[in-house]
Amino acid sequence: MPAFNKILIANRGEIACRVMRTAQALGYRTVAVYSEADRDARHVQLADEAVCIGPAQVAQSYLKVEAIIDAARRTGADAVHPGYGFLSENAEFARACEAAGIVFIGPSVEAIHLMGSKRLSKIAMLEAGVPCIPGYEGAEQDDATLAREAERIGYPLMIKASAGGGGRGMRLVHEAGELAAQIRTARSEAQNAFGSGELILERAVIRPRHVEIQVFGDQQGTLLYLGERDCSVQRRHQKVVEEAPCPVMTPELRRAMGEAAVKAAASVNYTGAGTVEFLLDAEGRFYFLEMNTRLQVEHPVTELVTGLDLVAWQIQVAAGQPLPLAQDDIRLDGHAMEVRLYAEDPASDFLPQTGDVLRWEPALLPGIRIDHGLVEGQAVTPFYDPMLAKVIAWGATRDEARRKLVRAVEDCVLLGVKGNQRFLANLLAHPEFAAGHATTAFIGEHFANDPSLAPQPLPASELAVAAALLYQASAESRAHQSGLAGWRSAGSAPWRFVLRQGEQKLAVELEVEASGPQPRLLARIGEQAIALHLLASDGRWATLELDGIRRRLAYHLDGPRLWLHGQQGNVELLDITHEPAGGQGGAGSGTVKAPMDGAIVDVLVGEGDRVAKGQLLVVLEAMKMEHPLKAGVDGIVRRVQATAGDQVKSRQVLVEVQEQLEA
């Protein structure tokens, strides 16, 4: 008899969908849990049963242990898979499952507790003889102690949240004058994200590679390593690209790092899937960073080069079965590479985005795997991490995998919410990355001036396409109203469109050379003329010729709003041709608005306060990150319209500053 029959997935989004896929393939029934905001989410639709566990806020739903245990009891689920994030590395959750007689698909409570603390795990690794970075991992956490230890370690140094990961609560400090402010920010972010403000300090290793080893243990005492993943390309300590194998790995180094990782896992009698992360310097020395006691976001690249299903192994180990392979049986084949598709705007300092997913068509190409939790029509809310999907490519060589991944990223259609596709595609195409030379300093040193990181003018060809689609929609509407297709009283007069992209107004003039279902048009944008022949448009795809070259583009049109899948990814345009003059007047630079939906963490000024340009006024929390909102001008605070704890909407006015001009 199996140890369990029904698995509750205590998570959401793409990882919940991915775990369900394997669990159902193995014959297990699955249960989804969801918040009120996720009522119609894809993971809910895929599960055999689903239970609502509370409001949208994570503390009242996905982090609410008693609600998840109750959902398991009510549905008869006798096992829980935690995915990653949320409660996946929460020892108390694992203990609660154990107390309720529910199998926790993961390591022991003791291993989670120890490895979940960077401070305690580092102490354990030093005792086990695993190479570690010099630093401070003591229990004394007051500012004076941390400042004293920072002086002993020397600068530059890293502040790290002892709990959690994903770059939250992590800060690089270059000099002593920065330390106090960075400690405050790291401690606050760690407390909000993980419920613990405990910190450690480490000497900064400059320009290393971030290399992690996938380990696996069973209940019979066997421990294996399944090769490595290079996760060096990072932004703000969050992984951007992950690949296997590491471009600079040698068989000897892989064996040394693998054996060190197994030694780390053995020190806590580890069972299930785990990842031991190392920093690898230019001389080939490596240092223990942390151990993640869960499945990693980037586990698919290991699956693609080993041919193994790591979730299946997790389930089998939790059911008491031995690992199916020995260390010598592990083979690596080809190369795999993964990127994460986020709802964020790289051109606006990666500001997280919210809104409705109007179109989602993943690029289903040979050698491509896409793990996602999206359905068209769903809302991307401010309550959860902005990651929407993972795009993974396999190739016989690294460059083949990279080339396939560029195409897949560009071909995934996401409309309605801005994504980071152009940023990812440009990064993957960069010569330094293509050559396999990227370290953790890559983005700062080689990519900081990439066009994807700043607003770019819309290509004239896409502006012409937008005008053509709006013209066709208008012509069809008039035809339905009058029965005279394409008729205009001003016959030969050109159509004029004024479109808004963000704060920019764009003008297009269309000359209709042949009307009807397949109009021939000439678009004039300034001095540039573009010939268009609109061959077909069905509300999802448009086929057209631009200056004699046939193209097919995805789009979504809703009244005056048009979303276009263009060279820069998701482009949103608003037709303001008939808008009254002055109708879109915006607030001055002294007005501070919420850049997205979120919760107010702190308001640092009051009415009547004098503030300087660049001064921090409000801290907004959204998508598990804190966002500082600063004054745009020197002046006096005229009005404060937010308090700590408020839930605010995107573009809601929070603070108004009356600008003070010099006499």
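Everything here concerns the structure above.
To keep things clear, this report deals only with the structure shown in the data block. Keep in mind it's a predicted model, so treat the numbers as computed, not measured.

**Points about the overall build of the protein chain**
Broken down by element type, the protein chain carries 16 helices and 41 strands. Relative to a compact globule of 663 residues, whose C-alpha radius of gyration would be 26 Å, the protein chain shows 27 Å and is just as compact. The C-alpha extent of the protein chain, read off along each of the three principal axes, is 85 × 65 × 55 Å. A buried classification covers 54% of the 663 residues belonging to the protein chain. Across the protein chain, the fraction of contacts at a sequence separation of at least 24, relative to all contacts at a separation of at least 6, is 62%.

**Considerations on helix α4 (residues 91–99)**
Within an α-helix, residues lying three or four positions from one another point in the same direction, as the helix has 3.6 residues per turn. Inspection of α4 places Ala-91, Phe-93, Ala-94 and Cys-97 among the buried residues, and these make up the whole buried set. Projected down its long axis, α4 carries its buried residues within an arc of 165 degrees, all on one side. Opposite the packed face of α4, turned more than 90 degrees from it, sit the exposed residues Glu-92 and Ala-99. A distance of 2.9 Å separates the backbone nitrogen of Glu-92 from a side-chain oxygen at the start of α4, and that oxygen is part of Asn-90.

**Considerations on the sheet that holds strand β29 (residues 528–537)**
If you walk around this closed barrel you meet the eight strands as β26-β27-β28-β29-β30-β31-β32-β33, and the pairing is antiparallel. Across this sheet, the average inter-strand angle for adjacent strands is 35 degrees, counted without regard to direction. Across six bridges, the pairing between strand β28 (residues 520–525) and β29 is antiparallel. When the sheet's bridge partners are listed, Leu-521 is paired in β29 with Leu-532.

**Thoughts on the sheet that holds strand β34 (residues 591–593)**
In space, the four strands of this open sheet follow the order β34-β41-β39-β36, with antiparallel pairing throughout. Strands at the two margins of the open sheet, each flanked by one partner only, are β34 and β36 (610–611).

**With respect to the layout of surface pockets**
In this structure, the second largest pocket occupies an estimated 1,700 Å³ of space. Along its surface, the second largest pocket is lined by 48 residues, and Asp-345, Ser-348, Gln-353, Lys-418 and Gly-502 are the ones closest to its centre. Those elements that provide at least two residues to the lining of the second largest pocket are β19 (351–352), α13 (421–429), β26 (495–501), β32 (561–566), β33 (569–575), β34 and β38 (625–630). A per-element tally of the lining of the second largest pocket places β33 first, with five residues.

**Observations regarding the side chain of His-299**
Counting through the fold element by element, His-299 comes out in helix α10 (residues 299–306). Polar contacts involving the side chain of His-299 include one to the main-chain carbonyl oxygen of Gln-296, which spans 2.9 Å. The contacts of His-299, once residues within four sequence positions are left out, are Ile-15, Arg-18, Arg-229, Leu-310, Arg-369 and Lys-390.

**Looking at empty space enclosed by the protein**
A probe as big as a water molecule, rolled over the atoms, marks out the empty space that is left. Here the structure, examined in full by the defined rule, presents two cavities of 30 Å³ or more. Here the largest cavity defines a volume of roughly 50 Å³. If you go around the largest cavity, the residues you meet are Arg-209, Asp-230, Ser-232, Val-233, Val-241, Glu-243, Pro-247, Arg-398, Phe-433, Gly-436, His-437 and Ala-438. Class assignment for the residues of the lining of the largest cavity results in five nonpolar, three polar and four charged. For the second largest cavity, the calculated volume is near 40 Å³. Around the second largest cavity, the lining residues are Pro-82, Gly-83, Ser-88, Phe-104, Ile-105, Gly-106, Pro-107, Ala-273, Thr-293, Arg-294, Leu-295 and Gln-314. Each residue belonging to the lining of the second largest cavity can be placed in one class, and the counts come to six nonpolar, five polar and one charged. Shared between two domains, the lining of the second largest cavity holds at least three residues of each, these being domain 1 (6–105) and domain 3 (209–447).

**Describing the packing of aromatic side chains**
Taken as a whole and assessed by the stated rule, the structure comprises 12 aromatic pairs. Between Phe-93 and Phe-104, the aromatic rings sit 6.0 Å apart at their centres with planes inclined by 85 degrees, giving edge-to-face as the arrangement. Here Phe-104 lies in strand β5 (residues 103–104) and Phe-93 lies in helix α4, a separation of 11 residues in the sequence. Aromatic pair Phe-383 and Tyr-384: ring centres 6.2 Å apart, planes at 55 degrees, arrangement tilted. An aromatic cluster of at least three residues, connected via ring pairs, comprises Tyr-62, Phe-86, Phe-383 and Tyr-384. Positioned over the ring face of Phe-350 is Arg-235, at 3.7 Å from the centre of the ring. The positively charged end of Arg-552 is found above the aromatic ring belonging to Trp-541, 3.9 Å away from the centroid.

**Focus: the packing of helix α3 (residues 65–75) against α4**
The contact between α3 and α4 brings their axes to 10 Å, and the two run at 30 degrees. When the axes of α3 and α4 are compared, the pair comes out roughly parallel. Of the two possible hands of crossing, α3 and α4 adopt the one that is right-handed. Between α3 and α4, the contacting residues are Val-65, Ile-68 and Ile-69 on the first element and Phe-93, Ala-96 and Cys-97 on the second. Among the residues making up the contact of α3 with α4, the classes are represented as six nonpolar, no polar and no charged.

**Considerations on α10**
Counted residue by residue, α10 has seven buried out of eight residues, so it is predominantly covered. Residues of α10 that are buried: His-299, Pro-300, Val-301, Thr-302, Glu-303, Val-305 and Thr-306. Note on α10: the residue one or two positions beyond its end, Gly-307, has a positive phi of about 75 degrees.

**Looking at the pattern of salt bridges**
Throughout the structure, instances matching the rule amount to 52 salt bridges. Residue Asp-70 pairs with Arg-74 through a salt bridge whose shortest N-O separation is 3.6 Å. In this pair, Asp-70 and Arg-74 are both assigned in helix α3, four residues apart and thus about one turn of the helix distant. Taking the relative accessible area as the measure of exposure, Arg-74 reaches 59% and is therefore exposed. Between Glu-290 and Lys-118 there is a salt bridge whose closest N-O contact spans 3.2 Å. One end of the pair, Glu-290, is in strand β16 (residues 286–292); the other, Lys-118, is in helix α6 (residues 118–128), and 172 residues separate them in sequence. Residue Glu-290 is classed as buried on the basis of its relative accessible area, which comes to 12%.

**Observations regarding unusual backbone geometry**
Residue Tyr-155 is joined to Pro-156 through a cis peptide bond whose omega torsion reads 0 degrees. That bond from Ala-244 to Pro-245 is cis: its omega, -5 degrees, falls within 30 degrees of zero. Tracing the backbone through its elements, the reader meets Pro-245 in the loop between β14 (241–244) and α9 (251–266). Of note, Arg-236 is a non-glycine position whose phi angle comes to about 55 degrees, a positive value.

**Looking at the environment of Val-605**
Turning to its location among the elements, Val-605 is positioned in the loop between β35 (598–603) and β36. For Val-605, a relative accessible area of 10% gives the class buried. Along the backbone, Val-605 and Leu-617 are 12 residues apart, and their C-alpha atoms lie at a distance of 5.9 Å. With residues near it in sequence (within four places) discarded, Val-605 still touches Val-611, Gln-615, Leu-617, Val-637 and Val-640.

**Topic: the nonpolar core**
Grouped together as the largest cluster of nonpolar side chains are 36 residues, with contacts concentrated most on Val-233, Val-241, Trp-360, Val-391, Leu-427, Leu-428 and Phe-433. Those elements giving two or more residues to this core turn out to be β17 (335–342), β22 (368–372), β24 (387–395), α12 (398–411), α13 and α15 (442–446). Counting residues per element, this core draws most heavily on α13, which supplies five residues. In contact with Trp-360, not counting residues within four places along its chain, are Leu-341, Ile-370, His-372, Leu-374, Glu-376, Ala-389, Cys-412, Val-413 and Leu-414. Ranked by size, the runner-up nonpolar core spans 33 residues in total, among them Ala-460, Leu-463, Ala-523 and Leu-546.

About the criteria used
- Residues numbered from 1 in each chain as written.
- Predicted model: local features only at pLDDT ≥ 70, side-chain atom pairs only at ≥ 80, totals over all residues.
- Heavy atoms only, no water.
- Helix = DSSP H or I, 4+ residues; strand = E, 2+ residues; numbered from the N terminus.
- Rg over C-alpha atoms; globule rule 2.2 N^0.38 Å.
- Buried < 20%, exposed > 50% of the residue type's maximum accessible area, 1.4 Å probe, protein only.
- Contact = heavy atoms within 4.5 Å.
- Arc of directions from axis to C-beta.
- Polar contact = N/O pair within 3.5 Å; in protein donor to acceptor, adjacent residues only side chain to side chain.
- Pairing = 2+ DSSP bridges.
- Axes fitted to C-alpha atoms, helices over the stretch in contact; angles between N-to-C directions.
- 1 Å grid on protein atoms, 1.4 Å probe; cavity = no way out; pocket = protein on both sides within 12 Å on 5 of 7 lines; lining within 4 Å.
- Points joined across faces, edges and corners; volume = space filled by probe spheres on them.
- Nonpolar A, V, L, I, M, F, W, Y, C, P; charged D, E, K, R; others polar.
- Domains from an automatic or database assignment.
- Phe/Tyr/Trp six-rings, centres within 6.5 Å; stacked < 30°, edge-to-face > 60°.
- Lys NZ or Arg CZ within 6 Å of the ring centre and 35° of its normal.
- Parallel < 35°, antiparallel > 145°, perpendicular 65-115°, else oblique.
- Left-handed = near helix turned anticlockwise from the far one by under 90°.
- Salt bridge = Lys/Arg side-chain N within 4 Å of Asp/Glu carboxyl O.
- Core = buried A, V, L, I, M, F, W, Y, C linked by side-chain atoms within 4.5 Å.

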